[in-house]
Structures are given as structure tokens and as C-alpha cells.
Amino acid sequence: MTSANPAEAVREFERTRHLYKDLGDEVVYELNQVMRERDLNTQIHGGVTYRVKEVESFREKISRKGYADPLAETRDLLGVRVVCLYPSVLKEI
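Since the model is a prediction, treat every value here as computed from it, not as a measurement. (Residues numbered from 1 in each chain as written. Predicted model: local features only at pLDDT ≥ 70, side-chain atom pairs only at ≥ 80, totals over all residues. Heavy atoms only, no water.)

### Some remarks on helix α2 (residues 55-65)
Then comes step 1: What α2 keeps buried is the set Val55, Phe58, Lys61 and Ile62. Along the long axis of α2, the arc covered by the buried residues comes to 125°, so they all point the same way. Among the exposed residues of α2, those oriented more than 90 degrees off its buried face are Glu56 and Arg64.
Then comes step 2: For α2, the secondary structure elements touched by its buried residues are α1 (6-37) and α3 (70-73). (Buried < 20%, exposed > 50% of the residue type's maximum accessible area, 1.4 Å probe, protein only. Helix = DSSP H or I, 4+ residues; strand = E, 2+ residues; numbered from the N terminus. Arc of directions from axis to C-beta. Contact = heavy atoms within 4.5 Å.)

As C-alpha cells, then:
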């Protein structure tokens, strides 16, 4: 979708937001699998988590930034977090 219309972009994000949740679930699952296989799960704090941008936050950001293609230009629709206990394992994780 290419549109400078913020309302249209927000509607599209609302319609597809569940896909970002599905992707977040899959990324967390895969990362946890790899960390278990490499015995790294004890090297992180709080597990692997993710968040999908809230619709209101998306609306505010695209209004403020004036993106030509809001869904393509917004880089933080999905964020994954891994908190390492020790800097020495960061590269391996």
C-alpha cells in the first residue's frame, strides 16, 4: 500500500496488526529453540519477548513524521527483546 493518507494507513495497520503478532510469536519460538539447543537460555533475563506497536502510537507517529508510505517507512511495528545477563554472551546470542 502506498498512500500519504494517514487514516487509510491506520485502517490497513489495524487490519493487518494480527500478522505482526503472529510473526512475533514465531520469532520468539525460533529464538527460544536456538538458545535451548546452544544452552544459552540461562544467559538471558526474562526470556525473549516482543511487542507490536499500538494503533494509537502508529497513528501519532505517521502523523508526526509525514511518511509517504507509512507501513513501509515505519521501522518499529514489531520489536523483539533479548536481555543478556553478561556482555560476553551477547555476540553468541
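The rest of the description comes next.
### Points about the packing of aromatic side chains
Then comes step 1: On inspection of all chains with the given rule, the structure shows two aromatic pairs.
Then comes step 2: Relative to Phe58, the ring of Phe13 lies with its centre 4.6 Å away and its plane at 40°, an arrangement referred to as tilted. Separated by 45 residues along the polypeptide, Phe13 in helix α1 and Phe58 in helix α2 bring together distant segments of the chain. Each member of the pair, Phe13 as well as Phe58, is classed as buried.
Then comes step 3: The structure contains a cluster of three or more aromatic residues connected by ring pairs, namely Phe13, Tyr20 and Phe58. (Phe/Tyr/Trp six-rings, centres within 6.5 Å; stacked < 30°, edge-to-face > 60°.)

### A few points about the nonpolar core
Then comes step 1: One finds Ala9, Val10, Phe13, Val52, Val55, Phe58, Ile62, Tyr67, Leu71 and Leu77 forming the largest nonpolar core, which totals 10 residues.
Then comes step 2: Contributions of two or more residues to this core are made by α1 and α2.
Then comes step 3: If we skip the residues at most four places from it in the chain, Val55 touches Val10, Phe13, Glu14 and Arg17.
Then comes step 4: Counting five residues, the second largest nonpolar core, distinct from the first, contains Met35, Leu40, Ile44 and Val48. (Core = buried A, V, L, I, M, F, W, Y, C linked by side-chain atoms within 4.5 Å.)

### Considerations on α1
Then comes step 1: Compared with an ideal rise of 1.5 Å per residue, which puts 32 residues at 46 Å, α1 spans 44 Å between its outermost C-alpha atoms and is within 8% of the ideal.
Then comes step 2: Considering bend angle alone, the principal kink of α1 is centred on Thr16 and spans about 45°.
Then comes step 3: Those residues of α1 that fall on the buried side of the exposure criterion are Ala9, Val10, Phe13, Thr16, Arg17, Gly24, Val28 and Met35.
Then comes step 4: At its buried positions, α1 is contacted by β1 (44-52), α2, α3 and β2 (78-84).
Then comes step 5: Between the side-chain oxygen at the start of α1 and the backbone nitrogen of Ala7 there is a gap of 3.0 Å, and the oxygen is on Asn5. (Expected span 1.5 Å × (residues − 1). Bend = angle between axes of the 7 residues up to and from the residue. Polar contact = N/O pair within 3.5 Å; in protein donor to acceptor, adjacent residues only side chain to side chain.)

### Details of the pattern of salt bridges
Then comes step 1: Throughout the structure, instances matching the rule amount to seven salt bridges.
Then comes step 2: Residues Arg17 and Glu54 are paired through a salt bridge, measuring 3.4 Å at the closest nitrogen-oxygen approach. One end of the pair, Arg17, is in helix α1; the other, Glu54, is in the loop between β1 and α2, and 37 residues separate them in sequence.
Then comes step 3: The class of Arg17 is buried, set by a relative accessible area of 12%.
Then comes step 4: Taking relative accessible area as the criterion, Glu54 reaches 51% and is therefore assigned exposed.
Then comes step 5: Here the salt bridges do not stand alone but share partners, grouping Arg51, Lys53, Lys61 and Asp76 into one network. (Salt bridge = Lys/Arg side-chain N within 4 Å of Asp/Glu carboxyl O.)

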